[in-house]
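Chain by chain, the residues:
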Amino acid sequence: MSLPEGASAGTVLAVLMLFVGSLLHIIGLSTTEWSVSNNEQGSSSSGLWKECLNGKCEDRKDTKESIRTCGAMAILGMLVSFVAIGLAVADIYIRVRGSVSSLPLPIISAACSAISFVFIVVCIIIWSATIGSSTYQYTYTDYTIRVSSYYHYSFSIGFSFILSILGGIIIVSGGGVYLYTSRFISKSADVGTRFT
């Protein structure tokens, strides 16, 4: 089965990369394993929106500005990645229909994927700085755990953190692949128009 004229395997692959990267980032930002810790009180994990201790999760009670900023950056990264996907799909649709867009959609889509990546990286830096600080406090309904890096408590990164990083890398790579492969479709379309 061949692709319609105006689409290529590279552009389809790039859109799939954008989609998969966004999906990984969404899973990462919505789960509670950004950082994990095991100590004598049990195992704990923390995400952007919830904190868990021994499998019991509750909404975050802290009002740390940095955690809220981290969540905002993660959401902005997700939303801008959706824009990148939408622009790439719109560009493919316009090309398949034989039309020409007045906007440089591949460039805008690639720029959106880069901006999405920047938001995700800023989120990751903020999270790392906040959790890596000298003292962090988990507040639960029944009790409060004060975790200090001075003692033998230590946090390690969890799968949610890794999924968001991986998602951001795939998003920016997908934008770059789309920009690169869409150039060849434009050149082949120009050559075809010249010789007909």
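Structural data are supplied above this passage.
What this report covers is the structure whose coordinates are included nearby. (Residues numbered from 1 in each chain as written. Predicted model: local features only at pLDDT ≥ 70, side-chain atom pairs only at ≥ 80, totals over all residues. Heavy atoms only, no water.)

Moving on to the state of the cysteines. Covalent bonding between the sulfur atoms of two cysteines is what defines a disulfide. One pass over the structure, following the stated rule, counts one disulfide. The partner cysteine of Cys52 in its disulfide is Cys57, sulfur to sulfur 1.9 Å. Where Cys52 bonds to Cys57 through sulfur, the torsion about that S-S bond is close to 100°, and the disulfide is right-handed. (Disulfide = S-S within 2.5 Å.)

Turning next to the environment of Ile170. Here Ile170 shows up in helix 4 (residues 159–195). Residues Ile170 and Ser113, 57 residues apart in the sequence, show an inter-C-alpha distance of 9.3 Å. (Helix = DSSP H or I, 4+ residues; strand = E, 2+ residues; numbered from the N terminus.)

Attention now moves to a nonpolar patch on the surface. Together, Phe19, Val20, Leu23 and Ile27 make up a nonpolar patch on the protein surface, roughly 330 Å² of accessible area in all. As for its position among the elements, Val20 is in helix 1 (residues 9–30). Classification of Val20 by relative accessible area gives partly exposed; the value is 38%. (Patch = residues over 30% accessible without salt bridge, like charges linked within 9 Å, V, L, I, M, F, W, Y side chains within 5 Å. Areas by Shrake-Rupley, 256 points an atom, 1.4 Å probe, with all protein chains shown as cover. Salt bridge = Lys/Arg side-chain N within 4 Å of Asp/Glu carboxyl O. Buried < 20%, exposed > 50% of the residue type's maximum accessible area, 1.4 Å probe, protein only.)

Another point: the sheet that holds strand 4 (residues 56–59). The antiparallel open sheet is built from five strands, whose spatial order is 4-3-2-1-7. Every interior strand has two partners, whereas the edge strands, strand 4 and strand 7 (156–157), have only one. (Pairing = 2+ DSSP bridges.)

Where strand 3 (residues 50–53) and strand 4 come together, four bridges link them in antiparallel fashion. Each bridged residue has a counterpart across the sheet, and for Glu51 the counterpart in strand 4 is Glu58. The antiparallel pairing of strand 3 with strand 4 creates a hairpin that spans two residues between the two strands, and Asn54 there sits at a positive phi of about 50°.

Here we take up the pattern of salt bridges. Side chains carrying opposite charge are able to pair once their charged atoms draw close together. Tallying each qualifying case throughout the model produces four salt bridges. The partner of Glu58 in a salt bridge is Lys56, with the nearest N and O atoms 3.8 Å apart. Exposure remark for Glu58: the relative accessible area of 11% places this residue in the buried category. Using a relative accessible area of 45% as the deciding quantity, one classes Lys56 as partly exposed.

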